[in-house]
Amino acid sequence: MSKLHVTTSINGEPVEFLCEADQSVLDVLRNTLGLTGSKEGCGTGDCGACSITLDGRLVCSCLVLAPEIEGRQITTIEGMAQGDHLHPLQQKFLEMAALQCGICTPGVLVAAKALLERNPDPSETDVRYWLAGNLCRCTGYDKIVRAVLETAADMRGAA
Amino acid sequence: MNAIDNKWIGRRTIRPDGADKVTGRAGYAADNSMPGMIWGKVLRSPHPHAMIRGINTARAEALPGVKAVVTAKDIVDFPLDKSVMLGIQDMRWMCRNVMAREKALFHGHPVAAVAATTEEIAAEACKLIEVEYEVLPHVIEIEDAIMADAPILHDFLRHEGKPSNIAATMVNKLGDVDAGFAEADIIIERSFKTRPVHQGYIEPHACTVSCTADGKATIWSSSQGQFMVRAMTSLLTGIPQSNIRAIPAEIGGGFGAKTIIYLEPLAVLLSKKSGRPVKMVMSREEVFRGTGPTSGSMSTVKIGAKKDGTIVAAQGTFYLQAGGLPGSPLRGPVGCSFAPYDIPNVLSVGYDVVSNRSKVAAYRAPGAPLGAYATECVMDELAEALKIDPLELRLKNTARPGTKAAYGVVFGSITFEDTVKAIRNHPHYSAPLDRAPAKGVVRGRGVASGFWFNAAGESSAQVNITEDGNVTVTTGHPDVGGSRASIANVTAELLGIEHKRISVLIGDTASIGFSNLTGGSRVTFASAMVVTQSTEKVIGQLKERAARIWKIDPEAVVWSDGAARPAGANAGQFPPLTLKDLAAKANEMGGPIGAGIQLTTVGADPGFATHVVGVEVDVELGIVRVLRYTAAQDVGRALHPDYVEGQIQGGVVQGIGWALAEEYLFDKQGRLDNASFLDYRMPVCSDVPMIEPVVLEIPNPKHPQGVRGAGEAPIVPPLAAISNAVHDALGKRFYSLPMSPPKVLAALDG
Ligand code: FES
Ligand code: FES
């Protein structure tokens, strides 16, 4: 079977690639495009390590077929910092040690950013339920939740 | 907490590897690729127990795109009659674990591996391999495996002279338990069961390997020890260690399970045969079926006490699942269960039981949570029966410096008592408890304690001063949770410079001296020790250089605040020479500045923890929710408090999962039924509250900064603490884990 040609936008850049019809976006990002910031923890939509946004919506890139992103906009962890300027969430995660091994971190950050764009003033419960799709085995979530809440407060203060 | 006036130690600095990890740039095991790379895949046994009569790989090898196939005959054999140890691992079992030899011992046991130009072709080729199996009856659970008529996994195993699935026995003994129990006014004896749980790291095992025609192998993989990867791969492939370079990728969680290897030797052999770099990545399903978990257990604990609460005797019997090959962590329950207490008569016995499951791997304080679960639940019943506060009962029997533990040591400067008092004095313990806040909801509170040995061992470090007067520190252990940050703090403190001027690296096996595993709660202890000694040597060199420049005696130079200074007025009047000044003059004044240390560290005193937890039980749904959790632990010295707290918080939440939800479930055919994160239910963010760590810092006198291991003790108490809290809420005791909704409902109905 010949490959499909897909034109899309990743982190604001136009991108073209060839893929099989049944390849996931995660597979293309990691193995075709070299964007290995999105991680594969399960490949079945259960861990959130592969989180990206698709036209602004948070999705598991392991569950989206690559041909489906034709003509659409996706953002990944690689698009979160602006140049050498970290996103406030990234900075806060460092300051508050919201990561240990760091393998869940790209997915958690992408998910948390999507939350704050929808809800700039989330409660602890909001954060916990929103991030319930992102498994972290190291931190017990405590410092992650605190970092997200504190970033939200900072960003509200700055706005 | 601590009176020592430190500038960097104890500061919440930003970790040296942080920016890479929040931007997606850090390279984990599966993130590497190489030019010309091909993909390896593993064929796994569809049967839980079967003789392998023959393997025909011809059709697979003929498939276009297939470059190499390996089976057990390509792997170095370690005959069953002679044990060859690598650390605590017996290579007889390791060689049979990476690839089934005579027999497939569990569903998912590797039987062959293929490398091909694409993952799809490799998977296709696996299906073309013809394996002739002679299917045997299988056995999964401990209670079935120890029956007289159980299918026997290994003919060579004997227990009490007969063929058996009991592979080993471990006994710790102190005093005379029979005499002790005879003195007791009260004896409580209970039996408990736990299910196997997986370590659950989010990063599946993965590696990339390149073998060159001259027989050299480079391995890029994530593990808890690149030197273990090198040594084990060398033993299993026959390539000398000097020809293997193991490069540690960032590790996406291990919790003990990455102290052994699965894929690396297969990838080395595939790469050698094919002449191409080979990448292998496990799927999550393979991780569940083929790696870890930790043992399930069956235990009985009996404790006898006087009316006033003085414990006079304790006895424990612990059966642990080993999986298909021997080697469960008996030392955990046998050695740790009674260690917090000063008990004159102890008998603690463990049995290593094989059955047709994947071979267990270490999991955080291996085995200790199983033992503490039983002991600490019996302690709770004892306190209830004697009408003594459960923490007072612990204080009455606390082990102290000088207490002899049943596992053989006389304790040095231990601080168990302090952890109990920290919880007793914490507002959580005395907060009013609303026992029935709403219809169908009841609440309760529970406590438990725990013990872990902690470890020291071999470590190496190299500290170099760069030509521009900054610092690189290299150590030999993978950083699983922020150890680079602690090392940066220690080095900055000793040198008296900004921690940002120090870069901390993890060396590969060719670039740093031997360092043992990241495990046993040893890394911060051991690496801080070797980094301290290396840095002190560097400071000695710096003082010497200054002395030479000033033409005074090196003894007359001190190092403080980042500069060499004359020791006093008698030494002479010289402006200070900073690190930058001295680095700039390094060449003319004796050459490059740097020093390394390779050392077998000692002095890791054990760790103790005491926890209190508040739970809520929904009696309609059977759901137990943890509402509040407070965990006290003495860590000696928190070099970087965030990452110490993180160890405690993470360990507690793993314990919550173990207590309430996680378990391996098998079907009648002996296949794991829940090999996915959907069906194997680890705690998610909305399942848990904030976890409050109470970090005690009572310096360990045997360590330059006072460090005590921190990573493992936190997972020891939660199983019992939560069980005791559920009992407090419901008035019913559970004797098996997990306390999942169906079990809670059944207990409420019963
Ligand atoms: S890899 Fe996509 S959710 Fe786990
Ligand atoms: S930091 Fe390791 S999984 Fe989240």
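Every chain begins its residue count from 1, and numbering advances along the sequence as written. In the order they appear in the text, chains get letters beginning with A and ligands get numbers beginning with 1. Residues qualify for local features only when their pLDDT is at least 70, as the model is predicted, and side-chain atom pairs are given and counted only at 80 or more; totals for whole chains, interfaces and linings, by contrast, use all residues. Side-chain metrics in this entry use all non-hydrogen atoms of the structure; hydrogen atoms and water are not considered.

**Observations regarding the overall build of chain A**
Helical segments are the DSSP runs of H or I of at least four residues, strand segments are the runs of E of at least two, and each set is numbered from the N terminus. Check the secondary structure of chain A and you find five helices and five strands. Along chain A, helices and strands appear, N-terminal first, in the series β-β-α-β-β-β-α-α-α-α. With C-alpha atoms as the basis for the radius of gyration, the globule rule is written as 2.2 Å multiplied by the number of residues raised to the power 0.38. In terms of overall dimensions, chain A is globule-like: its C-alpha atoms have a radius of gyration of 16 Å, near the 15 Å expected for 159 residues. Once the C-alpha set of chain A is aligned to its principal axes, its extents read approximately 50 × 30 × 25 Å. Here's how the labels work: a residue is buried when its accessible area is under 20% of the maximum for its type, exposed when over 50%, partly exposed in between, all with a 1.4 Å probe on protein chains only. In chain A, which comprises 159 residues, the share counted as buried stands at 56%. The criterion used for residue contact is that any of the two residues' heavy atoms lie within 4.5 Å. The contacts in chain A between residues at least 6 apart in sequence include a share of 56% that link residues at least 24 apart.

**Structural notes on the packing of helix 18 (residues 641–660) of chain B against helix 19 (residues 718–730) of chain B**
Residue and element names in this part refer to chain B. Between N-to-C directions, angles cover 0 to 180 degrees, with each direction set by a line fitted to C-alpha atoms, over the stretch in contact for helices. Following both chains from N to C, one finds helix 18 and helix 19 inclined at 55°, their axes separated by 8 Å at the closest point. Compared by their axis directions, helix 18 and helix 19 come out oblique. For the crossing formed where helix 18 meets helix 19, the hand is right-handed. Residues V652, G655, I656, W658, A659 and L660 of helix 18 lie in contact with helix 19, whose contacting residues are P718, L719 and I722. By the convention adopted, Pro, Cys, Tyr, Trp, Phe, Met, Ile, Leu, Val and Ala count as nonpolar, Lys, Arg, Asp and Glu as charged, and the other residues, Gly among them, as polar. Here the contact of helix 18 with helix 19 is built from residues that sort into eight nonpolar, one polar and no charged. Roughly parallel means an angle under 35 degrees; roughly antiparallel means over 145; roughly perpendicular covers 65 to 115; every other angle is labelled oblique. With the far helix as reference, a near helix turned anticlockwise by less than a right angle produces a left-handed crossing, and one turned clockwise produces a right-handed crossing.

**Things to note about the interface of chain A and chain B**
How big an interface is tends to be reported as the loss of accessible area on association of its parts. At the interface, 44 residues of chain A touch 52 residues of chain B. Between chain A and chain B, roughly 3900 Å² of surface is buried when both sides are summed, and carbon and sulfur atoms account for 59% of that area. Two parts placed together each lose some accessible area under a 1.4 Å probe, and adding up what both lose gives the buried area. Among the residues of chain A in contact with chain B, L94, Q100 and R137 of chain A are the three that bury the most area, contributing 21% of the side total. Here a salt bridge means any side-chain nitrogen of Lys or Arg lying within 4 Å of a carboxyl oxygen belonging to Asp or Glu. Run the count over chain A and chain B and you get five salt bridges. In this structure, K39 of chain A engages D31 of chain B in a salt bridge whose closest nitrogen and oxygen atoms are separated by 2.5 Å. Taken together, the elements giving at least two residues each to the side of chain A that touches chain B come down to helix 1 (25–32), helix 2 (88–95), helix 3 (105–118), helix 4 (124–130) and helix 5 (142–158) of chain A. Take the side of chain A that touches chain B: its biggest share by element is five residues, from helix 2 of chain A. For the side of chain A that touches chain B, the residue count by class is 21 nonpolar, 11 polar and 12 charged.

**With respect to the pairing of strand 3 (residues 66–71) of chain B**
All names here are of chain B. With five of six residues buried, strand 3 is to be regarded as a mostly interior element. Here the rule is simple: two strands pair whenever DSSP picks up at least two bridges between them. As paired elements, strand 3 and strand 7 (residues 110–116) share five bridges and run antiparallel to each other. Note that in strand 7 the partner of V66 across the bridge is A116.

**Quick notes on the domain arrangement of chain B**
Residues and elements named next belong to chain B. Taken domain by domain, chain B holds domain 1 (38–136 + 205–281), domain 2 (297–454 + 605–749) and domain 3 (455–601). The split into domains, and so the bounds of each, comes from an automatic or database assignment of domains. One C-alpha centre belongs to domain 1, the other to domain 2; they are set 36 Å apart. At the interface, 15 residues of domain 1 touch 17 residues of domain 2. Surface buried jointly by domain 1 and domain 2 totals about 1300 Å² across both partners, of which 65% is contributed by carbon and sulfur atoms. Across the contact surface, domain 1 and domain 2 share zero salt bridges.

**Section: the sheet that holds strand 4 (residues 57–60) of chain A**
Residue and element names in this part refer to chain A. What the five strands build is an open sheet, ordered 2-1-5-3-4; its pairing is mixed. The two strands at the open ends of the sheet, each matched to only one other strand, are strand 2 (13–19) and strand 4. When the angles between neighbouring strand axes are averaged without regard to direction, this sheet yields 40°. As paired elements, strand 1 (residues 4–10) and strand 5 (residues 73–75) share two bridges and run parallel to each other. Paired with S9 across the strands is Q73, a residue of strand 5. Of the strands in this sheet, strand 1, strand 2, strand 3 (51–54) and strand 5 are in contact with helix 1, which crosses strand 2 at around 100°.

**Topic: the environment of K421 of chain B**
Residues and elements named next belong to chain B. Mapped onto the fold, K421 is located in helix 13 (residues 416–424). A residue is classified by how much of its surface remains accessible, and K421, at 32% relative accessible area, is partly exposed. When the C-alpha positions of K421 and L391 are compared, they lie 8.0 Å apart, and in sequence the two are 30 residues distant.

**Side note on the domain arrangement of chain A**
Residue and element names in this part refer to chain A. Its domain assignment divides chain A into domain 1 (4–79) and domain 2 (88–158). Put simply, the middle of domain 1 and the middle of domain 2, counted by C-alpha atoms, are 22 Å apart. Both faces considered, domain 1 and domain 2 share a buried interface measuring about 990 Å² in area, 64% of it formed by carbon and sulfur atoms. By the criterion applied in these results, polar contacts are pairs of N or O atoms within 3.5 Å in which, for protein atoms, one can donate a hydrogen and the other can accept it, and in which residues neighboring in sequence qualify only through two side-chain atoms. At the boundary of domain 1 and domain 2, one finds five residue pairs in polar contact (both at pLDDT 80 or more).

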